[in-house]
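Examination of the molecular architecture
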Amino acid sequence: MKKYLIAFLAFLSLGQTAFIPIASAENPRVAIPDFADLVERASPAVVNIRTTEKVLAQQTPGGIPGMPEDQAEFFRRFFGVPIPGIPNGSKQAQPNPSKPQEADRGVGSGFIIESNGLILTNAHVVEGATTIYVTLTDKREFKAKLLGMDKRTDVAVVKIEARDLPRLPLGDSSKVRVGEWVLAIGSPFGLENTVTAGIVSAKSRDTGDYLPFIQTDVAVNPGNSGGPLLNTAGQVIGINSQIFSRSGGYMGISFAIPIDEAMRVADQLRTNGKMTRGRIGVALGEMTKEVAESLGLGKPRGAYVRNVEPNGPAAAGGIEAGDVILTFNGREINKSTDLPRVVGEAKPGTSATVQVWRKGSARDLSVTVADTDSAQTATKKPDTPASNGNSVNAFGVAVTDLSDAKKKDLNIKGGVEVTGLGDGPLARAGVRPGDVIIRIADADVSGVKQFEVLLKSLDVNKAVPVFIRRSDSTLVIPVRPK
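One structure accompanies this document, and this report is about it. (Residues numbered from 1 in each chain as written. Predicted model: local features only at pLDDT ≥ 70, side-chain atom pairs only at ≥ 80, totals over all residues. Heavy atoms only, no water.)

With respect to the sheet that holds strand β12 (residues 254–258)
Note the threshold: Pairs of strands are assigned from DSSP output, requiring at least two bridges between the strands. To qualify as a helix, a DSSP run of H or I must reach at least 4 residues; to qualify as a strand, a run of E must reach at least 2; elements of each kind are numbered from the N terminus. A fitted line through C-alpha atoms serves as each axis, taken over the contacting stretch for helices, and the angle formed by two N-to-C directions is quoted from 0 to 180°. Here a residue-residue contact requires only that any non-hydrogen atoms of the pair lie within 4.5 Å.
Strand order in this closed barrel of six strands is β7-β8-β9-β12-β11-β10, and the pairing throughout is antiparallel. Across the sheet, the mean angle separating the axes of adjacent strands is 45° when strand polarity is ignored. Of the strand pairs in this sheet, strand β7 (residues 181–186) and strand β8 (residues 194–205) are connected by six bridges, and their pairing is antiparallel. Paired with V182 across the bridge in β8 is G198. Along the sheet, helix α5 (residues 259–272) makes contact with β11 (236–243) and β12, crossing β12 at roughly 50°.

Some points on the pattern of salt bridges
Stated formally: Salt-bridge detection follows one rule: a side-chain nitrogen of Lys or Arg within 4 Å of a carboxyl oxygen of Asp or Glu. Each residue gets one of three labels from its accessible area relative to the maximum for its type: buried under 20%, exposed over 50%, partly exposed in between, using a 1.4 Å probe on protein chains only.
Scanning the entire structure with this criterion turns up 15 salt bridges. Note that E192 and K139 form a salt bridge whose closest N and O atoms lie 3.6 Å from each other. Of this pair, E192 sits in the loop between β7 and β8 while K139 is found in the loop between β4 (131–135) and β5 (141–150), placing the two residues 53 residues apart along the sequence. D444 is the salt-bridge partner of K359, the closest N and O atoms lying 2.7 Å from each other. Here K359 is found in the loop between β18 (351–358) and β19 (361–368), whereas its partner D444 is found in strand β24 (residues 443–444), with 85 residues between them in sequence. Residue D444 is classed as partly exposed on the basis of its relative accessible area of 43%. Put simply, E320, D323 and R358 are held in one network by salt bridges that share partners.

Remarks on the packing of aromatic side chains
Ring pairs (aromatic) are described by centroid distance and by the angle formed between their planes. Using the following cut-off: Each Phe, Tyr or Trp ring (for Trp, its six-membered ring) is paired with any other whose centre lies within 6.5 Å, and the angle between the two planes then decides the class: stacked below 30 degrees, edge-to-face above 60, tilted in between. Lysine and arginine charges are scored as sitting over a ring when NZ or CZ, respectively, is within 6 Å of the ring centre and within 35 degrees of the ring normal.
Per the counting criterion, the structure on display carries three aromatic pairs. Ring centres 6.1 Å apart and planes at 65° place the aromatic pair F35 and W181 in the edge-to-face group. Residue F35 is found in the loop between α1 (2–14) and α2 (36–42), and its partner W181 is found in strand β7; the two are separated by 146 residues along the sequence. The class of W181 is partly exposed, set by a relative accessible area of 30%. For the ring pair F213 and F255, a centre distance of 6.1 Å and an interplane angle of 65° mean the geometry is edge-to-face. Of the two residues, F213 sits in strand β9 (residues 213–216) while F255 sits in strand β12, which places them 42 residues apart along the sequence. Given a relative accessible area of 3%, F213 falls into the buried group. Above the face of the Y133 ring, R50 is positioned so that its terminal group lies 4.4 Å from the ring centre. When the ring centre of F467 is taken as reference, the NZ or CZ atom of R439 above it lies at 3.9 Å.

Here we look at α5
Threshold: A helix is expected to span 1.5 Å multiplied by its residue count minus one.
In this model, α5 (14 residues) spans 19 Å end to end at C-alpha, consistent with the 20 Å of a helix rising 1.5 Å per residue. Directly beyond the C-terminal end of α5, a positive phi value near 80° is found at G273.

What about empty space enclosed by the protein?
Note the following rule: Space inside and on the surface of the protein is sampled on a 1 Å grid over the protein atoms alone, with a cavity defined as a set of points where a 1.4 Å probe fits but cannot get out and a pocket as an open set with protein on both sides within 12 Å along at least 5 of 7 lines; lining residues have an atom within 4 Å of a point. Grid points are joined across faces, edges and corners, and a volume is the space filled by probe spheres set on the points. Under the scheme applied, nonpolar residues are Ala, Val, Leu, Ile, Met, Phe, Trp, Tyr, Cys and Pro; charged residues are Asp, Glu, Lys and Arg; polar residues are all the others, including Gly.
Following the criterion strictly, the structure yields one cavity of 30 Å³ or more and no others. Looking at the largest cavity, its volume works out to about 40 Å³. Along its surface, the largest cavity is lined by V46, V47, N48, T135, L136, T137, G186, S187, E192 and N193. Among the elements that make up the lining of the largest cavity, the one with the highest residue count is strand β1 (residues 46–56) (three residues). Here the residues of the lining of the largest cavity are counted per class, giving three nonpolar, six polar and one charged.

Details of the nonpolar core
A general feature of soluble globular proteins is that nonpolar side chains tend to end up buried together. Applicable threshold: Residues enter a nonpolar core if they are buried and are Ala, Val, Leu, Ile, Met, Phe, Trp, Tyr or Cys, with the set joined through side-chain atoms within 4.5 Å.
By size, the foremost hydrophobic cluster in this structure holds 29 residues, and its most contacted members are F111, L120, L168, L230 and I259. Counting only elements with at least two residues in this core, the list comes to α2, β2 (100–114), β3 (118–121), β6 (155–159), β7, β11, β12 and α5. Among the elements that line this core, the one with the most residues is α5, at six residues. Ignoring sequence-local partners within four residues, the contact set of L120 consists of G110, F111, I113, V155, A156, V157, G226, I239, I259, M263 and A266. V418, V445, L458 and V479 belong to the second-largest nonpolar core, a separate cluster that totals 20 residues.

A word on the side chain of S187
Looking at the secondary structure, you find S187 in the loop between β7 and β8. S187 gets classed as buried once you look at its relative accessible area, which sits at 2%. In this structure, S187 is in contact with N48, G108, S109, E192, N193, P222, G223 and N224, ignoring residues within four places of it in sequence.

These results come straight from atomic positions and should not be treated as a statement about function.
What follows is the structure, encoded as structure tokens:
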């Protein structure tokens, strides 16, 4: 007891300011990283990309159209931004306004992935460019050749004729952790080799694009596009591609293309000059909690099929509108945006096993993957007008049998058309005249008589999924009969 008291008194004599926490698994000491050495190693492999395009020159001697000359000169001197219509920033008039002239189009960034001059950047940096110029940190400038670009993923590969160039090592974006330190190197506003740092804010962020992005709080601005996102080991884990902004400038959220996905695209671009993707010909809808519960799935998962392309791969394989795709070649589909990415990775011409949820149970189907180049454009047909009416059935709708022509037009086998709506659950759910009810729960609707029989058998205390065909889409609506 005495030795503990002595130790305690000794601690008090030191005072709280002398207390230093000991690093442990429960209380780790985390130091802010020093990026200086990393930047020194990585910067030589980051390049500035400047592009030009052919434009009709205007008689605007000495400046930017619509901008006073003193402001134009300020931007040229301070930011290094090339002035459109003025070669090399000089204040001379265009020689022939009616003849197309080569004018600076924009600036971006890129990084070397092979010492022979292979460079990765964004597709939007080089799209539409007549000439691509690449400037290294040692001020050498090269004309680059575009090997290929893919606008869907915003990845491009360019090549310069040089050897023994510094290159950046590639990391594994699947191992990126939320909260880890990262930094970006690029040319925001034309300011070459600008370094910014931050942390990973989120992974697999869907923004409506083809790829799931890495979200960070690293300051990224116009000109950073195409530059690398690096981890603390100096490895590339992403390509800086987008920002969320209401002002056009950085607002605390930026997005990077995961390097694993980017390299998968880049390998095809450098080999074939284009990206080949698989497709199965389905239109998808989002799976909500209410819809999932009404279908017996429990939690929201899978990709809900709104429509199936007539004579397409999915239709040939037996996939139907209203199905929920749960897995594709053994890979789980957690949400609708997962399916295009997984299908896109499949090689066209190969057979894929697709597990779908239909009428309360899962079943496996075989679908032959097609090429995106063979996509057919479906023509959207207008909704069919119908007369108003009222009904006192459990759904509060008036319906009629479908004609054979209507079935063929909608590519369905049966159903009943809504001709009128009363004050009922379908009206409140957004159903409108002209919609076609094709299925209730697990039962396909064949006609009016069978439809009325189905309604009488429903449990009024339980919501059921009602499948609605509207133009070229199939909607599923959880409905509780009145």
